[in-house]
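Residues per chain are reported as follows:
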Amino acid sequence: ELRRRAAAVVPGDVCNMQYTSGTTGFPKGVMLTNDSVNAVGFSFLHAGINYEPNTRFLGIMPIFSSYGLVCGIHMPMIMQQELALIPKFTPLKMGEYIKKFRPQHMIATPAFYEILINSDEMKGFDLSFMLTLGSGGDSMNSGLEDKLNEFMRTHNLRYPLAQGYGMSEVSAAATFCVNDRYKRGSVGIPCITTTIGIFDPETGEELGYNQPGEVCISGPSVMKGYYNNKEETDFVLRKHADGRIWVHSGDIGTVDEDGFVYIQGRVKRMITRFDGHKVFPITIESFISEHELVHGCSVIGVNDRERLQGQYPMAVIELNAGVEVSQRDDICREI
């Protein structure tokens, strides 16, 4: 006779190890604990998200990422949602999955939503049964954000895009938008259990509202450390003068007076001109991507040929299909 018995759960015990390249490019095992994963679930459960038990959540994100595991499986299950789990997700079938499962909630990456916008299955299809489209796992420029929100409006979704921000080291989620609590270009407000601070990456000074600096995160969702890697753990997890342990994300961002967080790019991706002026690629990418004939854009730093130091931003632009070569100069002038 089989007997069921509850497994002993110790809050600080490691329950999952996610491998990530983090800020250095070398794979590191992120040790997540029962407490850290549950802290994210608690934040979603009590954030005021418009949901009811037994509504359906479409799970398409792979669980080898903390985003897919914590936000794509653990979170909907503790919220008592029915989970439609796609074991082997095919991005080009995204519209087909939504038609088949008719979920009320789902999360995905910006690239997947771009596929959804252009999906033949979604042309003229009513999506009023959906409540939440959550986006994370990568930054979304404002051009794509506007296109997706327009898609959601014309397909009768109730709320705008619910962008979020996080990293494996904080169990996937640190901020997110909820229902109509939304600002264009923002990744939302901090999770209930999370504190966000903006610090000068050179001096360590905490900065004020709307001042760009390194995004640092503190709270119970923080990892236990990197597996067998004390050097990297000490570099990312740092005790500040306030006595708190802060995760140094390596991302540049700001916080406004209402608590909304904005991500401007990676510290390492920041382009510094010869005069010391700092340029954030996502700002330029967002502006260019708003043009109606632009499909995508990436901004990179190139060496300043006229000076010994510094870089200038260079934009690589992909135009929409069907745009004539002769139109390129006119588009560049308009941008």
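Keep in mind that what you see is a predicted model, and the values were worked out from it rather than measured. (Residues numbered from 1 in each chain as written. Predicted model: local features only at pLDDT ≥ 70, side-chain atom pairs only at ≥ 80, totals over all residues. Heavy atoms only, no water.)

Peer 1: Outline helix α1 (residues 34–45), listing residues and values.
Peer 2: Owing to its 3.6 residues per turn, the α-helix brings residues three or four apart onto one side. The end-to-end C-alpha distance of α1 is 16 Å, a good match for the 16 Å that 12 residues give at a rise of 1.5 Å each. Of all the residues in α1, the buried ones are Asn-34, Ser-36, Val-37, Ala-39, Val-40, Gly-41, Ser-43 and Phe-44. Among the structural elements, β1 (14–20), β2 (28–33), α2 (66–78) and β8 (175–176) are those in contact with the buried residues of α1. (Helix = DSSP H or I, 4+ residues; strand = E, 2+ residues; numbered from the N terminus. Expected span 1.5 Å × (residues − 1). Buried < 20%, exposed > 50% of the residue type's maximum accessible area, 1.4 Å probe, protein only. Contact = heavy atoms within 4.5 Å.)

Peer 1: An account of the pairing of strand β11 (residues 213–218) is requested, with residue identities and associated values reported.
Peer 2: In terms of residue burial, β11 counts as a mostly covered element, since 6 of its 6 residues are buried. As defined by bridge partners, β11 adjoins strand β14 (residues 245–255) across 4 bridges and the pair is classed as antiparallel. Following the sheet pairing, Ile-217 is matched in β14 by Val-247. (Pairing = 2+ DSSP bridges.)

Peer 1: Give a detailed account of the pattern of salt bridges, specifying residues and quantitative values.
Peer 2: Enumeration over the complete set of coordinates arrives at 8 salt bridges. Across the salt bridge formed by Asp-120 and Lys-123, the nearest N and O atoms sit 3.2 Å from each other. Lys-123 shares its class with Asp-120; the two are exposed. The residue Lys-183 makes a salt bridge to Asp-256 at a minimum N-O spacing of 2.9 Å. Taken together, the residues Lys-183 in the loop between β8 and β9 (189–190) and Asp-256 in the loop between β14 and β15 (261–266) connect sequence positions 73 residues apart. Lys-183 gets classed as partly exposed once you look at its relative accessible area, which sits at 24%. Taken together, the salt bridges that share partners define one network made up of Asp-146, Arg-184 and Glu-290. (Salt bridge = Lys/Arg side-chain N within 4 Å of Asp/Glu carboxyl O.)

Peer 1: Any details on the side chain of Ser-43? Residues and values, ideally.
Peer 2: Topologically, Ser-43 is positioned in helix α1. Not counting residues within four places of it along the chain, the set of residues in contact with Ser-43 comprises Phe-176, Cys-191, Ile-192 and Thr-193.

Peer 1: An account of the packing of helix α4 (residues 110–117) against helix α5 (residues 142–154) is requested, with residue identities and associated values reported.
Peer 2: Where α4 contacts α5, the axes come no closer than 10 Å and their chain directions differ by 45°. As summarised for this structure, α4 and α5 are arranged oblique, according to the angle between their axes. The hand of the α4/α5 crossing is left-handed. For the pair formed by α4 and α5, the contact residues are Pro-110, Tyr-113, Glu-114, Leu-116 and Ile-117 on the first element and Leu-144, Lys-147, Leu-148 and Phe-151 on the second. Broken down by class, the residue content of the contact of α4 with α5 amounts to 7 nonpolar, no polar and 2 charged. (Axes fitted to C-alpha atoms, helices over the stretch in contact; angles between N-to-C directions. Parallel < 35°, antiparallel > 145°, perpendicular 65-115°, else oblique. Left-handed = near helix turned anticlockwise from the far one by under 90°. Nonpolar A, V, L, I, M, F, W, Y, C, P; charged D, E, K, R; others polar.)

Peer 1: Before we move on, can you summarise the packing of aromatic side chains with the specific residues and values?
Peer 2: Aromatic ring pairs are reported here in terms of the distance separating the ring centres and the angle at which the planes meet. Following the criterion strictly, the structure yields 5 aromatic pairs and no others. Considering the side-chain rings of Phe-89 and Tyr-97, the 5.6 Å spacing of their centres and the 40° angle between planes classify their relative orientation as tilted. A single burial state applies to Phe-89 and to Tyr-97, both of which are buried. Between Phe-199 and Trp-246, the ring centres sit 5.3 Å apart and the planes meet at 70°, which makes this aromatic pair edge-to-face. On the criterion of sequence distance, the pair formed by Phe-199 in strand β10 (residues 195–199) and Trp-246 in strand β14 is long-range, its members being 47 residues apart. (Phe/Tyr/Trp six-rings, centres within 6.5 Å; stacked < 30°, edge-to-face > 60°.)

Peer 1: An account of the sheet that holds strand β12 (residues 225–226) is needed here, citing residue identities and associated values.
Peer 2: Reading across the sheet, the 3 strands line up as β1-β2-β12 and stay open at both edges, with antiparallel pairing between neighbours. At either margin of the open sheet sits one strand with a lone partner, and together these are β1 and β12. Taken together, the 2 bridges between β2 and β12 define a ladder with antiparallel strand orientation. Across the sheet, residue Met-31 finds its bridge partner in β12, namely Gly-225.

Peer 1: Mind laying out the environment of Tyr-165, listing which residues take part and the relevant values?
Peer 2: Looking at the secondary structure, you find Tyr-165 in strand β7 (residues 162–165). Tyr-165 sits 20 residues away from Glu-145 along the chain, and the two C-alpha atoms are 15 Å apart. When neighbours within four sequence positions are excluded, Tyr-165 is seen to be in contact with Ala-172, Ala-173, Ala-174, Thr-175, Val-187, Val-215, Ile-217, Ser-249, Asp-251 and Ile-263.

Peer 1: Provide a residue-level description of the environment of Arg-273, including the pertinent values.
Peer 2: Along the chain, Arg-273 turns up in the loop between β16 (271–272) and β17 (278–279). Assessed through its relative accessible area of 25%, Arg-273 is described here as partly exposed. Residues in contact with Arg-273, not counting those within four places in the same chain, are Val-279, Gly-310, Gln-311 and Tyr-312.

Peer 1: Run through the nonpolar core, naming residues and quoting values.
Peer 2: Core analysis: the largest hydrophobic core is formed by 65 residues, its most contacted members being Phe-44, Ile-60, Met-94, Ile-98, Met-106, Leu-127 and Ile-217. Leaving out residues up to four positions away in the same chain, Met-106 has contacts with Phe-57, Leu-58, Ile-60, Met-94, Ile-98, Tyr-113, Met-130, Thr-132, Leu-133 and Gly-134. By size, the runner-up hydrophobic cluster in this structure holds 6 residues, among which are Ile-271, Ile-288, Val-294 and Cys-297. (Core = buried A, V, L, I, M, F, W, Y, C linked by side-chain atoms within 4.5 Å.)

Peer 1: Could you give an account of the confidence of the model for the protein, naming the residues involved and the relevant values?
Peer 2: A residue-level look at the protein finds 94% of positions with pLDDT of 70 or above and a mean pLDDT of 89. Taken element by element, the protein is modelled with least confidence in β17, mean pLDDT 74, and with most confidence in β10, mean pLDDT 97. (pLDDT = per-residue confidence, 0-100.)

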